[in-house]
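Observations on the model geometry
Next come the chains, spelled out residue by residue.
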Amino acid sequence: MDLFPGHYQSIYFLFGLFVVMVYAWQKFNEPTFPRGETMPSTVDPLRHMFTQGAYKNARLTYVCVSLLLYSALVWPGPSMMRLLGTGGTPDLPAEAWALLVALFLVGLVPNSRIKWVIMVEEFLRRSVHSWYLVPARVEGMIGSLEDARYEPPERVLRAVSGPFRERLEALRSDLKAPPASLEHRWARATFIFNMLKQIGVAAELPLKAAAFHPFSDDFRGIQEKYSLVQKDVAALHTQPQTDQVEEDLKTVINGLLKRMYAYISWGLGNQEKNEREIDEVLRDIGFKIPVRSPYRPIDILGPAIALVALITMVFWLVLESFRGGSMETSIKIATQAAVSAFCMYGAAVYIALNSRSTLIRNRDWSEGSPRCFLTIAFKAGIATWLTIALFTAVFTPENTWNSLSGLARWVGSLATDSALTMDRETVLYLPKRVGTASPWFFVGAVASVLIFIRFRGDVRTGDTQKRLIDAAVVAIGLGATVYLAQMIQGAWDKIPGIGTVSLKVGLAGLACGAVLGYFVPHAFRMSVSRPYDRNASAALDDLVGKAEKALGAQSDAEDWVFTPHKKLGGITPAEALQHKSLATGVSTLLDFAAPPETEAQPPAIITRPTPMIIEGGRS
């Protein structure tokens with residue numbers, strides 16, 4: 001039997017691939033979210049929502065996903081046309097149905113805009129956009145810059161001139177006012193606006209004119225809005241200052257600041273290759289943003305699970321070659337095993353992490369509690385069991401279909417009190433496959449427990465030695481469990497020489513466990529100690545600062561933040577901070593940890609000056 005259907009070798013299928021590829025290349029640039037303040041008013045605005053490297057990767061990913069979708073639609077053969085509908089099709093040769101599927105998919109056939117096809121395509125495009133943080137990247141940067149302290153460095157101040165420099169000290173004084181005050185907001189807007197005006201003029205600025213040039217229309221809008229707000233601020237000198245007038249003006253200034261933050265985000269995305277480089281530039285121009293991880297947890301876990309699948313594929317290729325199987329059969333078995341391993345271990349890790357997060361969010365988590373571990377182990381075990389059973393059915397469709405048909409007839413025979421004429425083994429094929437896959441329940445359960453055991457303790461990113469210990473613990477436990485699961489399954493199926501096969505499969509499980517142990521606990525620790533999310537990173541940095549003030553030393557503060565506490569269910573304050581239901585408890589716990597104050601300090605008296613006005617809103 002061929003590994004792939006023969007119609008994949010048709011010239012019409014190749015033409016279809018080309019049609020879908022060209023269509024997807026253009027379709028990718030259509031936004032899947034409402035156009036708002038986060039999008040620039042330029043040609044192909046979606047392009048500038050990505051960083052340099054991310055846009056190319058995202059576009060290529062979407063093209064590949066579209067080609068996979070097309071290949072999946074072609075797989076069933078000419079019968080697929082009945083699902084798509086044949087009304088109004090062009091006069092094509094009978095063997096050209098694969099190309100016709102492509103034409104339906106891209107909407108080039110009259111009346112071919114089928115609702116479910118459109119929904120699937122849009123879902124895939126939105127998923128790719130979201131995976132590459134669009135529009136989340138720009139929205140996250142705007143929120144981060146809103147909350148970040150801003151202290152323009154001397155190299156930025158030297159880049160500006162004119163009336164701005166003449167009133168520099170007064171603006172610096174306003175910038176030290178409370179962040180929510182009108183004085184601070186206007187001084188902040190003035191500093192940032194005058195810095196943006198110098199892009200392409202002052203060589204000291206790390207902002208490159210070529211990167212910001214596509215957004216010249218947006219900057220003209222910012223200039224016009226700044227001039228209008230400048231007049232409103234100047235009017236405060238000639239009219240009484242009421243709370244309502246001040247609040248209205250702060251709202252307008254905040255809107256201006258958001259637009260400038262979006263402008264900075266587009267330009268830096270066009271200038272730099274990744275988020276780490278963007279953060280470095282933001283610090284250079286005065287924004288006090290914390291150092292964060294350059295990777296999301298999925299950026300580590302995804303390649304790790306893929307490596308597990310690759311190890312499984314190589315193992316079965318080698319095993320089948322020693323058995324003397326044909327290359328085609330070996331590739332088929334290895335591919336099926338790799339897909340099963342990817343889905344099985346991926347589902348187990350995802351369900352385990354998600355279940356733990358849910359228990360913490362609902363305040364049901366207690367580190368070391370058998371109830372918590374059993375709950376997660378059960379869910380992860382069910383995931384691995386069902387994955388093995390599902391792919392057994394998918395990869396043996398004829399046997400599965402005959403078994404389902406036989407079971408249906410058996411149920412019917414019970415109702416009519418008639419004898420079942422089908423072969424017993426044929427009817428019981430699927431139930432037996434599901435039953436003999438049950439030992440793999442323990443593989444998922446043990447893997448989740450071993451991984452969570454390695455989550456305990458200090459969550460600061462461990463060194464290589466710590467990661468190797470994690471890998472060894474998970475590898476030994478998972479390898480032994482895989483060996484026993486294969487032994488039990490093989491004994492039920494009465495496979496000859498199952499002991500030798502189980503030992504080899506156990507060794508493959510050992511290698512897979514080493515990969516999971518090396519990467520999964522590390523990804524967890526990194527997500528807690530150096531979160532990728534800008535808001536979470538800023539909140540953690542703020543907590544460390546408060547802990548340092550309360551405890552007196554940075555080392556003591558970090559020890560308190562990154563080590564578990566019983567009052568938080570055995571998790572660290574850093575992790576608890578990521579759950580709204582526990583965030584208040586972290587502050588309360590810190591109050592109890594701080595030594596009592598010996599002497600009360602009188603409250604500071606803050607005077608509110610009139611905001612400083614700088615001429616030159618228009619360049």
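Within each chain, residues carry numbers counting from 1 in the order of the written sequence. Since the coordinates come from a predicted model, pLDDT governs what is reported: local features require at least 70, and pairs of side-chain atoms require 80 or more to be given and counted, while whole-chain, interface and lining totals use all residues. Hydrogens and waters are ignored; side-chain quantities use all the structure's heavy atoms.

**With respect to the overall build of the protein chain**
Within the protein chain, the secondary structure is distributed over 27 helices and two strands. Type-normalised accessible area, obtained with a 1.4 Å probe on protein chains alone, sets the label of each residue: buried when under 20%, exposed when over 50%, and partly exposed for intermediate values. In the protein chain, buried positions account for 46% of the 619 residues. Contacts were defined at the residue level, with two residues in contact if any of their heavy atoms lie within 4.5 Å. Within the protein chain, contacts between residues separated by at least 24 positions form 74% of all contacts whose residues are at least 6 apart in sequence. Element-wise, carbon and sulfur atoms account for 61% of the exposed surface of the protein chain, whose accessible area totals about 31,200 Å². The secondary structure listing takes helices from DSSP runs of H or I that are at least 4 residues long and strands from runs of E that are at least 2 residues long, numbered from the N terminus. What sets the accessible areas is the Shrake-Rupley method with a 1.4 Å probe; for residues, cover comes only from the shown protein chains.

**Quick notes on the pattern of salt bridges**
Where charged atoms of side chains with opposite charge meet at close range, the side chains can pair. Salt bridge, as used here, is a side-chain nitrogen of Lys or Arg placed within 4 Å of a carboxyl oxygen of Asp or Glu. Inspection of every chain in the model, using the stated rule, returns 27 salt bridges. A salt bridge links R126 to E122, with the shortest nitrogen-to-oxygen separation between them at 3.2 Å. Of this pair, R126 and E122 both sit in helix α5 (residues 115-131), four residues apart, which is roughly one turn of the helix. The exposure class of R126 is partly exposed, given its relative accessible area of 34%. Since its relative accessible area comes to 31%, E122 is described here as partly exposed.

**Thoughts on unusual backbone geometry**
Each neighbour pair has its own omega, and for V134 with P135 the value is 5 degrees, a cis peptide bond. Here P135 is to be found in the loop between α5 and α6 (136-147). In this structure, L133 takes a positive phi of about 65 degrees despite not being glycine. Among the structural elements, L133 can be located in the loop between α5 and α6. Here the phi dihedral of R363 falls at roughly 60 degrees; this positive angle occurs in a residue that is not glycine.

**Here's the deal with α5**
Its 17 residues place the ends of α5 24 Å apart at the C-alpha level, agreeing with the 24 Å of an ideal helix rising 1.5 Å per residue. Burial in α5 covers these residues: V117, E121, L124, R125, V128 and H129. Projected onto a plane normal to the axis of α5, the buried residues spread over an arc of 135 degrees and lie on a single side. For α5, exposure combined with an orientation more than 90 degrees from the buried face picks out K115, M119 and F123. The positive-phi residue at the C-terminal boundary of α5 is L133, with phi of around 65 degrees. By this rule, a helix spans an expected 1.5 Å times one less than how many residues it contains. Our arc is simply the arc of the directions from the helix axis toward the C-beta atoms.

**Things to note about the confidence of the model for the protein chain**
A residue's pLDDT is the confidence the predictor assigns to it, expressed on a 0 to 100 scale. Predicted confidence across the protein chain gives a mean pLDDT of 85, with 88% of residues reaching 70 or more. Under a pLDDT of 50 for its full length, residues 86-90 has, in the predicted model, nine contacts with residues more than four places off or in other chains.

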